[in-house]
Amino acid sequence: MPDSGGGGPALRDRAAAVLHENDAGGWTRAAPRLYPHQWSWDSAFIAIGWAHLDAGRALTELEGLFAAQWPTGMVPHIVFRAGPDHPYFPGPEWWDVSAVVPSLPAATTGICQPPVHALAVRRIWQLTPADARPAIRARIQALYPRLVAWHRYLATERDPEASGLVTTYHPWEGTDNSPRWDRALARIQAPDPGPYTRLDESELGDPSQRPTNWDYDRYLTLVELLRKYRYDDGLIYQHYPFLIKDVFFSAVLVAANAALLDLADVAGASDSDRETLAGWLDRGRAGLAARFDARSGLCADYDVRAKEDIRLRTFATFAPLFARTADAGQRDVQLQLLDSADFCGHPGLHWRLLPSTSPAEPAFESRTYWRGPVWPVINWLLTEALTALGATDRAAQMRRESLAQIAGNGDFAEYYEPFTGEHLGSQHQSWTAAVTLDWLSAAS
Ligand code: 2M8
């Protein structure tokens, strides 16, 4: 009998049903109502879920996303695919991308999200049945150059210093209202995006879980500035106020470069691509090592504009683990920190899972989005990393507790209150269902 974390086969069926329910025909809504379009890193996790049901459908998810890749190589954070019956704020008019990139098949935003996509392609290939391999291999070969171009964009335009660290331009490039961005947002001069009406608060029914209007004023002001600089990375680097060397984003890129190297034979990658990927991988690891403090065990983001470290205890602290560090010293210090009272060893936690912000941080808020709650996708990335690092017992425990947390009720919540385990945010969140499918199969 598979260890299904308390959910049994029924949990698998329910997770699969969420993906089918959110399937809009070749692409999957991130959530049925709150997030009705195609989101970039959601799609990558979603493809991992689809891979357990249908490898071809999984690849279609990514092919559709990469069809909206920009000429720079950037994969946009949202592809606006849902029609007018599915409102979302802010919509395409706020980004006005067609003025700059007229050739795209659909409207998109002008920023990006962590590059989980190569991890998804590797999982799809691992799960492809033998008889489907020739067809799937051909499709991976076609997609591979686009993945390399995406990583090249991150390694060059988003890292003009060649530091190995990706510069992010906006809180929406992953973890919206994380306290990691508070000081940088507070420095934005005269934020005034003009009048706007948010939809998320009424959609969710509990505004206290969402970013505040103070946050949204700044998010939208940043969008206006990006539009003003016509999404030109050079101009943004010269003039724009929000530039962060994001260690979590950078760690995902390291893991994704390793995944592309793993796929190199399948994809028939050239020697030059292999060399380039290996170079980015080494540089990424060195960049993270430079942000790591062996005494505290913390890995810190860096605010390029303010020239200051962002020393906060959040999930991003564990960037070296997420990047599957090859340095045993870093690994051991971080594994200890992970189970310390500041993180998973906090006595009040309902499950021993990594919260988005440490309960010991003054900015911690247990019910508010990226300021405290547990996010299954982050814990999925961590279980993958722990497994790769040989901490297999800890990974298995995290997987079991994650499944138990999700199985508590059939809603596949977006995020979870760390002390009570309460299910929060959107329901039927696609990426929660997707990682459930992956964890269940690992447990069998
Ligand atoms: C959240 O972000 C969107 C904006 O992109 C929002 O708050 O409206 C974040 O959790 C983000 O990481 C995620 O990709 C997105 C869709 O699940 O929702």
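What counts and how
- Residues numbered from 1 in each chain as written.
- Predicted model: local features only at pLDDT ≥ 70, side-chain atom pairs only at ≥ 80, totals over all residues.
- Heavy atoms only, no water.
- Disulfide = S-S within 2.5 Å.
- Buried < 20%, exposed > 50% of the residue type's maximum accessible area, 1.4 Å probe, protein only.
- Near = heavy atom within 4 Å.
- Areas by Shrake-Rupley, 256 points an atom, 1.4 Å probe, with all protein chains shown as cover.
- Nonpolar A, V, L, I, M, F, W, Y, C, P; charged D, E, K, R; others polar.
- Helix = DSSP H or I, 4+ residues; strand = E, 2+ residues; numbered from the N terminus.
- Contact = heavy atoms within 4.5 Å.
- Salt bridge = Lys/Arg side-chain N within 4 Å of Asp/Glu carboxyl O.

(A) Structural context of the state of the cysteines. Enumeration according to the criterion identifies zero disulfides in this entry. Distance from the sulfur of C112, which forms no disulfide, to the nearest cysteine sulfur (C299) is 19 Å. Residue classification places C112 among the buried positions, given a relative accessible area of 0%. Of all cysteine sulfurs in the structure, the one in C299 sits closest to C344, which takes part in no disulfide; the separation is 17 Å.

(B) Quick peek at the site of the ligand. Lining the immediate environment of the ligand, one finds 16 residues, of which D42, Y88, G174, D176 and Y369 sit closest. For the ligand, the protein covers 99% of the area, taking 420 Å² as the surface of the free molecule. Taken together, the residues of the shell around the ligand sort by class into nine nonpolar, four polar and three charged.

(C) Main features of the environment of H52. Mapping H52 onto the fold places it in the loop between α2 (40-51) and α3 (55-66). On the basis of relative accessible area, H52 is assigned to the buried category, the value being 15%. Along the sequence, H52 and L440 sit 388 residues apart, while their C-alpha atoms lie 10.0 Å from each other. Not counting residues up to four positions away in its chain, the partners in contact with H52 are R12, L127, L437, D438 and S441.

(D) Just the side chain of S366, in detail. Within the fold, S366 resides in the loop between α15 (328-338) and α16 (376-388). In this structure S366 comes out as buried when scored by relative accessible area, which is 18%. Leaving out residues up to four positions away in the same chain, S366 has contacts with G372, P373, E417, P418, F419 and L424.

(E) Here's a closer look at unusual backbone geometry. Look at the link from F89 to P90: it is a cis peptide, with omega at 0°. Tracing the backbone shows P90 in the loop between β2 (78-79) and α4 (92-95). Positive phi outside glycine occurs at H428, with the angle close to 55°. Along the polypeptide, H428 turns up in the loop between β8 (423-424) and α18 (430-443).

(F) Examining the pattern of salt bridges more closely. This model, assessed by the stated rule, comprises 31 salt bridges. Here E308 makes a salt bridge to R183, at a shortest N to O gap of 2.7 Å. With E308 in strand β6 (residues 308-310) and R183 in helix α7 (residues 182-186), the pair connects residues that are 125 residues apart, well separated along the chain. D332 serves as the salt-bridge partner of R331, at 3.2 Å between the closest nitrogen and oxygen. Taken together, the salt bridges that share partners define one network made up of R183, R187, D303 and E308.

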